[in-house]
Amino acid sequence: MLVDMIEDLIELMEKDPEFKSYTLDGQMAAVMDFLETRPDREETVRRLVEEKKLFIGPWYILNDEFLSSGESHIRNLSLGFRLGKRLGGVMRVGYIPDQFGHIAQMPQILHGFGIDTALIYRGFGGEPGQEASEYWWVSPDGTRVLMHHLPRDGYSAGYFGTQDGKVILQKFDRLRKELDARATTSQRLFFNGGDHHWPDTEVTIALGQLRKQYDAEFKHSNFPDFFTAVKNEMNASTPLPRLEGETRFGFRYAFAVLGGVFSSRMYLKQLNAECETLLERYLEPLNVLAMAAGFRSRTPQIEQAWKYVIQNQDHDAICGTSVDDVHREMVVRYSKAKQIGEHVKAECLGRLLPYDEREHHDDRFVFVFNPSTCTRSEVVQTDIEFFLQDIVVGLNPEVKADAKRPPVKGFKLLDTRGAEVPYQVLQRKENFGVTYSKHDYPHQTLVDRFSILLAANDLPALGWKGLTVVRTEEMPRYTSEVRLGDNFVENDFVRVEVVENGTVRLIDKSTGLKYEQINFFEDSGDVGDEYNYSYPERDEWILSDQGRVHVTLEENGPLRGALRIDHQMMVPVSASQDEKSRSTEKAELAISTVLTLTRFSKRVDIRTTVHNTIRDHRLRALFDTGIKTSESFADTPFAVVQRKHQNYDSTQFSIEHPAMVAPMQRFVTIRDEQKSFTLMVKGLPEYELKLDQPGVLALTLLRCVGKLSGRDLITRPGGAAGWWNETPDAQCPGKHTFEYSVLPGSTQDASDWSSILKEVELFTVPPLAVNRKNDQSVLEQGFVSITPDSLTLSALKVADEKEGIVLRLSNPVGRTVEGTVHFETSVKEAFRVKMNEEMIEAVVVSNGHDLRLTVKPYEVVTMLIKIGKQ
């Protein structure tokens, strides 16, 4: 359909000289998909772009802003600009009219690519002070862009599709009245298109009729010319209203659909977070380290993986608001990205830590790679294999394997100073091992495999430390660093207790403060759709403390202790047939939670597994913190934003009820005068600060519905947000595993932020272990460190077009930070650059290794750095 639509567009432009221009929805993906099928049309597309008839980009895809990382936004624009460059250049307008709300830092991101204008629609409007069509939209760091806000009928409001003069005049007059009431200049913008529409072949006829009827100048125009005309009637000091920060309301104005898109098809959100972390924090830094050591760049493979991930971040894709076929294809794209990632990771590590494909006996070294720009000590899980026997593969009757060796009696791990490193055995199993070769078939072996935890102390910043594996005559014993009982586990920092009903008591030993009910579960009905959560008229809420609970000690040290809690909840199997209530038939919902605490932990890591056979429901983990507040601090792209939560009179909202849930990226924090509580997540972006239960945070794990768009939702009285399609996959049947963590703290922790941001880093970006069977020369090495911990690494990558590497960091909180970036290798020169990597100014290099920075509140800093070889 896309190919046919663009072909028809080209024909229309050729035969109707009054059809001046067309905008391809602000995203290059549509152009590239067309050219993939019609590569012979590339010159035609370039000519139309250069003649200002066809406007493409600036984005690669119109992503969801809250579900994509800050770095994903930058790569999205960067890819759009680079693809558009060869086709005549992109439209330099921040075109984002269909996204479900907007992040606070969008003006700063746009400005980083030389874009000073934006078009938005959802998530804003309908409230006092939001009557105008133009605003200064200001990021938390003070960066601003000129923003135009669309009318109530949105981006298809000016589509005529008819030659009927009466219909044309009626439609125009109705829309003109709204635009006149909102305009700040003499310019009026009519959107003549739509995301389901072919070009309006009747628009030039409609323009002719309008010119006869009204004393005004009518132009078949484009967004850049519109903004130029607006700017010509104003200047930088024109007193436009200001929009500061994120937009997540607008419920009286249009369908904002902010009440369900952050939890529809949660598995997609988890895959997205996993792939973003893989690309941003493992592949690209490892590629830089390998290049610094003189090896070939894997940037092309990495960029291909980025394409797959960004394609999935389209707002109707990552939000889970499409038919099942769309989302099944997304899972394939994520799988492709991960497969590329595993290969690139292995190749880079194979260069940094030489891999000998001829060695296939015992593992001799374990290396732990630290992806963080700070020194850290962690308990790390890995496997260690000891050779037992070669396995003959294929028809090789003349090849005889030697006799099977006896199992290993014991082993120890030694650090670079010869000190013994404690470890904990999780499992021992005779299994198959394999050594891969580029020049022969894989070598199969039978191995004695140990799954272990090891204590990795003082890992170098963005570097590695190697441990030597030594066989011994017996298994060593180590003093436990964690203390355990049948229902508790503790270390020097925190204590966790499971009470009889399965709820968890958390004690912060540094303050003595308690959090009495942590991590219990709430199941309720959801008869909404992929866009919106909506409760049935007669809902039934079921808590896990009402069901059967079984607690077991899963791991008992010496490095990590773990408690397992099994809940059996009896819940309705689905909604009733009329969706007015939940079914009277019930079934068991099995939930298993493992709480883990290591010798180093200041937080409690939680892994919850759900076997979902239930339909039409929402499952959430609850945390009764005892903190009575109506404010939260949520991690969003490049900013920790403060949010005030409040109740609303739903009868005052005829389109859509205000969402009680809110999005986050990696964490949310609440605090009072005594303590703070931080909930960290991996790909679980929806939370609620429950106002009817003060102090309770709710984390959405599953929201299971069976239709793309419903008709009679209580929470969306305005009607259908889309077309009726049944979506059985959106019921999310099967096994799901969720990872999150809780961090107790002081009020000061949630004011300074350094300790919280560091713990978030440690949880969401764990170390990586890799083994080697051959000799190694470099057992310990670091690359770059950033201080203090409140400065967050966003990217360490090879520069797009210039020589050098790009390091990007952000200060996501509201205070100025004096920071230092220290390279272990020498720095030849460094520059501050824009997000698009255009030069701003040189950065002074101190002592040949250090870059000292003053980073303003909420500022994102990008640097181009040229380093010497390691």
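Up top is the structure these notes are about.
Now for a description of the structure that goes with this document. Note that this is a predicted model, so its numbers are computed, not measured.

A look at the overall build of the protein chain
No. 1: On a plain count of helices and strands, the protein chain comes out with 14 helices and 44 strands.
No. 2: For a compact globule of 870 residues, the expected C-alpha radius of gyration is about 29 Å, and the protein chain comes in at 29 Å, within 12% of that figure.
No. 3: C-alpha atoms of the protein chain, sized along the principal axes, occupy 100 × 65 × 60 Å.
No. 4: Per-residue burial for the protein chain yields a buried fraction of 59% across its 870 residues.

A word on the pattern of salt bridges
No. 1: Scanning the entire structure with this criterion turns up 81 salt bridges.
No. 2: Salt-bridge contacts for Lys 404 lead to Glu 430; the nearest nitrogen and oxygen are separated by 2.7 Å. Taken as a pair, Lys 404 in the loop between strand 9 (376-390) and strand 10 (410-414) and Glu 430 in strand 12 (residues 423-435) lie far apart in primary sequence, 26 residues in all.
No. 3: Residue Lys 404 is classed as partly exposed on the basis of its relative accessible area, which comes to 42%.
No. 4: For Arg 548, the salt bridge goes to Glu 588, with nearest N and O atoms at 3.0 Å. Of the two residues, Arg 548 sits in strand 21 (residues 548-556) while Glu 588 sits in strand 23 (residues 586-598), which places them 40 residues apart along the sequence.
No. 5: For Arg 548, a relative accessible area of 55% translates into the label exposed.
No. 6: On the basis of relative accessible area, Glu 588 is assigned to the partly exposed category, the value being 37%.
No. 7: The network of salt bridges with shared partners includes Arg 265, Asp 324, Asp 325, Arg 328, Glu 530 and Asp 729.

A closer look at the environment of Pro 536
No. 1: Its place among the elements puts Pro 536 in the loop between strand 19 (513-525) and strand 20 (542-543).
No. 2: Each C-alpha atom, one on Pro 536 and one on Thr 715, is 9.8 Å from the other, the two residues being 179 residues apart in sequence.
No. 3: Those residues in contact with Pro 536, other than ones at most four positions away along the chain, are Gly 525, Asp 526, Val 527, Glu 579, Lys 580, Ser 581, Arg 582 and Ile 714.

Focus: the pairing of strand 32 (residues 696-704)
No. 1: Burial of strand 32 is extensive: 9 of the 9 residues sit out of reach of the surface.
No. 2: Here strand 25 (residues 617-624) pairs with strand 32 via 8 bridges, running antiparallel. Looking at the pairing, Ala 621 lines up with Leu 699 of strand 32.
No. 3: Sheet topology note: the strand 31 (residues 686-690)/strand 32 ladder contains 4 bridges and is antiparallel. If you follow Glu 688 over to strand 32, its bridge partner there is Ala 698.
No. 4: Connecting strand 31 to the next strand, strand 32, in antiparallel fashion are 5 residues, including Gly 695 with a positive phi near 90°.

Regarding the sheet that holds strand 40 (residues 827-833)
Think of a sheet as strands paired side by side through backbone hydrogen bonds, with each pair either parallel or antiparallel.
No. 1: The strand order 37-38-44-40-41 describes an open sheet built from 5 strands, whose pairing is antiparallel. Here the strands that pair on one side only, and so sit at the sheet edges, are strand 37 (792-798) and strand 41 (839-843). Taken pair by pair, the neighbouring strands of this sheet meet at an average axis angle of 25°, ignoring direction.
No. 2: Sheet analysis places strand 40 next to strand 44 (residues 860-867), joined by 6 bridges and oriented antiparallel. If you follow Arg 832 over to strand 44, its bridge partner there is Met 863.
No. 3: Of the strands in this sheet, strand 37 and strand 38 (805-810) are in contact with helix 4 (residues 70-85), which crosses strand 37 at around 35°.

Cut-off values and rules
Along each chain, residues carry numbers from 1 onward, in the same order as the chain's sequence is written. In keeping with the model being predicted, local features are shown solely for residues with a pLDDT of at least 70 and side-chain atom pairs are shown and tallied solely at 80 or more, while totals for entire chains, interfaces and linings include all residues. As a rule here, side-chain values cover all heavy atoms of the structure and leave hydrogens and water aside. By the criteria applied, helices consist of DSSP H or I runs no shorter than four residues and strands consist of E runs no shorter than two, each listed in order from the N terminus. Between the two quantities, the radius of gyration covers C-alpha atoms and the globule rule is 2.2 Å times the number of residues to the power 0.38. Think of it in three bands: with a 1.4 Å probe and only protein chains considered, a residue is buried below 20% of the maximum accessible area for its type, exposed above 50%, and partly exposed in between. We define a salt bridge as a contact between a side-chain nitrogen of Lys or Arg and a carboxyl oxygen of Asp or Glu at a distance within 4 Å. Two residues form a contact once any of their heavy atoms are found within 4.5 Å. Any two strands with at least two DSSP-identified bridges between them are counted as paired. Geometry is summarised by axes, namely lines fitted to C-alpha atoms with helices restricted to the contacting stretch, and by angles between N-to-C directions that run from 0 to 180 degrees.

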